Amino acid sequence: MFGGLKEKLQAARNRLGSSIQGSTTAQAPPTAETKPGKPPQPAAAPKTPSPAAPSFTDKVKILIVDRELVVSEKDIAEALSELEMTLLECDVALQVTDAIIASVRTNLIGKHRKIGSSIDDLVVGALKSALLEVLGTGFDLVQYIKTHPHPVKILFTGVNGTGKTTTIAKIGFFLKKQGFTVVIGAGDTYRAGAIEQIGVHAERIGIKIIQHQEGADPSAVLFDTVQYAVSHKIDVVLADTAGRFHTKSNLMNQLEKIKRVMKPDLVVYVDEAVAGNDAVVRAAEFERTVGADAVVLTKADMDSRGGAAISIAHTIGKPLMFLGTGQGYDDIMPFDPVQVVEELLGSDA
Ligand SMILES: Nc1nc2c(ncn2[C@@H]2O[C@H](COP(=O)(O)OP(=O)(O)OP(=O)(O)O)[C@@H](O)[C@H]2O)c(=O)[nH]1
Ligand SMILES: [Mg+2]
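Small disclaimer: the values here were computed from a predicted structure and weren't measured.

Side note on the pattern of salt bridges
Enumeration over the complete set of coordinates arrives at 14 salt bridges. Here aspartate 91 and arginine 305 are joined by a salt bridge, their closest N and O atoms 3.4 Å apart. In this pair, aspartate 91 sits in the loop between helix H3 (73-89) and helix H4 (94-108) while arginine 305 sits in the loop between strand S8 (294-298) and helix H12 (307-316), placing the two residues 214 residues apart along the sequence. The exposure class assigned to arginine 305 is partly exposed, which follows from its relative accessible area of 36%. Note that lysine 318 is salt-bridged to glutamate 287, the shortest N-O span being 3.0 Å. One end of the pair, lysine 318, is in the loop between H12 and strand S9 (320-324); the other, glutamate 287, is in helix H11 (residues 277-289), with 31 residues separating them in the sequence. Residue lysine 318 is classed as partly exposed on the basis of its relative accessible area, which comes to 23%. Residues joined in a network through salt bridges with shared partners are Arg15, Glu78 and Glu82.

The following block contains the structure:
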């Protein structure tokens, strides 16, 4: 997952580190005497110093410079513009790239740092906090369900073929394992075979499904699903819908009607990580027209660039809830920003 981005961020980490190291070396060439933790010992100076050895005053000067590092814009300008290119190449949205670069710059420039703590720690700290700022907080669905009246009604929406139906099955399976009761509403009455498809998933994971005939009004199916959940004291309703583009006004009106009728607690926008910036642009359109409370990005297992995962929450202002990581029912992981940043920057970060 995100292997290409990970590799490039590692390179950026090394590049920033060596730029800062280079500027430090220019200020104060490292000598045995100037290594942190080894202050010069004037009393122990050799009785007959060689002509090349620095004087005591020189040693103190070097020590002061060497003990504190002040990073300047010019030290890292080139490395930052390389990082900018790297992020854009990985399909990180422009505004998110700008935010990351600005944050890394603020975290590095003009700060007095002890060299004793490693330059790599300094760089990794700056990259980490920049990424965490744009990734947001994630969305703890289990906690949400525990703290809201039941049934919690969740409507899934998004463009065609991104993985909505598979995601509903995965989330149903995940919630069942967490001890919740779940019912699925087969709200895609539009695409041929959609009702059978979700019916097969529901049977395999042992979850009740409510379905009508193909071509039926999806609002009616999902209304019935909510009624079933209320009368059977079910914890969670997962509502499937047909794939649609925000430009198809008839399908968007249908979605509005679904929302009016089933009154979802959460609208979840599903798109695929592999779509990169397209996914981010579409998510922004859906958020503007339908509204979304959270996002699921599927097919992260096939995505090397990671741009959508980095960009989507910051761009649309809604949290990323899950990443889909394969075709099996267990192939879903709650989005944990700290874990993703650690994955991206390496386990030693
Ligand atoms: N590799 C991988 N494939 C996935 C993932 N999620 C879904 N898929 C596959 O993507 C394809 C489309 O999935 P669906 O769940 O039918 O997508 P949909 O959004 O419901 O499609 P429509 O109902 O036609 O709009 C299927 O072959 C899924 O197995 C994932 O996280 N990783
Ligand atoms: Mg579907």
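Let's pick the thread back up.
Some remarks on the sheet that holds strand S6 (residues 236-239)
Reading across the sheet, the eight strands line up as S5-S4-S6-S3-S7-S8-S9-S10 and stay open at both edges, with mixed pairing between neighbours. This sheet does not close on itself; its edge strands, each paired only once, are strand S5 (208-210) and strand S10 (332-334). On average, each strand axis in the sheet is tilted by 25° relative to the strand beside it, whichever way the strands run. Of the strand pairs in this sheet, S9 and S10 are connected by three bridges, and their pairing is antiparallel. Note that in S10 the partner of phenylalanine 322 across the bridge is proline 334. Each of strand S3 (152-157), strand S4 (182-185), S5 and S6 is contacted by helix H9 (residues 218-231), which is oriented at about 165° to S4, the strand it contacts most.

Overview of the nonpolar core
If you look at the biggest cluster of nonpolar residues, it comprises 70 residues, and the most contacted ones within it are Leu16, Ile20, Leu83, Ile100, Val104, Leu297 and Ile310. Per element, the largest residue contribution to this core is ten residues, and it comes from helix H5 (residues 119-135). Once you skip the residues sitting within four places of it in the chain, leucine 297 turns out to touch Asp271, Glu272, Ala273, Ala308, Ala309, Ile312, Leu320, Phe322, Leu323 and Gly324. Core analysis: the next-biggest nonpolar cluster, separate from the first, contains 34 residues, Ile171, Ala186, Ile207 and Val236 among them.

Let's talk about the site of ligand 1
Lining the immediate environment of ligand 1, one finds 20 residues, of which Lys164, Thr165, Thr166, Asp301 and Gln327 sit closest. For ligand 1, an oxygen atom lies 2.9 Å from a polar atom in the side chain of glutamine 197. Here ligand 1 loses 83% of its free accessible area of 650 Å² to cover by the protein chains. Looking at the shell around ligand 1 residue by residue, the classes come out as one nonpolar, 13 polar and six charged.

Re the packing of aromatic side chains
Counted under the stated rule, the structure contains four aromatic pairs. Centroid distance phenylalanine 139 to tyrosine 144: 5.6 Å. Interplanar angle 40°. Geometry classified as tilted. Its relative accessible area of 18% is what places phenylalanine 139 among the buried residues. Here phenylalanine 173 and tyrosine 329 contribute two aromatic rings whose centre-to-centre distance is 6.1 Å and whose plane-to-plane angle is 55°, an arrangement assigned as tilted. Taken as a pair, phenylalanine 173 in helix H7 (residues 164-177) and tyrosine 329 in the loop between S9 and S10 lie far apart in primary sequence, 156 residues in all.

Rules used throughout
Residues numbered from 1 in each chain as written. Chains lettered and ligands numbered in written order. Predicted model: local features only at pLDDT ≥ 70, side-chain atom pairs only at ≥ 80, totals over all residues. Heavy atoms only, no water. Salt bridge = Lys/Arg side-chain N within 4 Å of Asp/Glu carboxyl O. Helix = DSSP H or I, 4+ residues; strand = E, 2+ residues; numbered from the N terminus. Buried < 20%, exposed > 50% of the residue type's maximum accessible area, 1.4 Å probe, protein only. Pairing = 2+ DSSP bridges. Axes fitted to C-alpha atoms, helices over the stretch in contact; angles between N-to-C directions. Contact = heavy atoms within 4.5 Å. Core = buried A, V, L, I, M, F, W, Y, C linked by side-chain atoms within 4.5 Å. Near = heavy atom within 4 Å. Polar contact = N/O pair within 3.5 Å; in protein donor to acceptor, adjacent residues only side chain to side chain. Areas by Shrake-Rupley, 256 points an atom, 1.4 Å probe, with all protein chains shown as cover. Nonpolar A, V, L, I, M, F, W, Y, C, P; charged D, E, K, R; others polar. Phe/Tyr/Trp six-rings, centres within 6.5 Å; stacked < 30°, edge-to-face > 60°.

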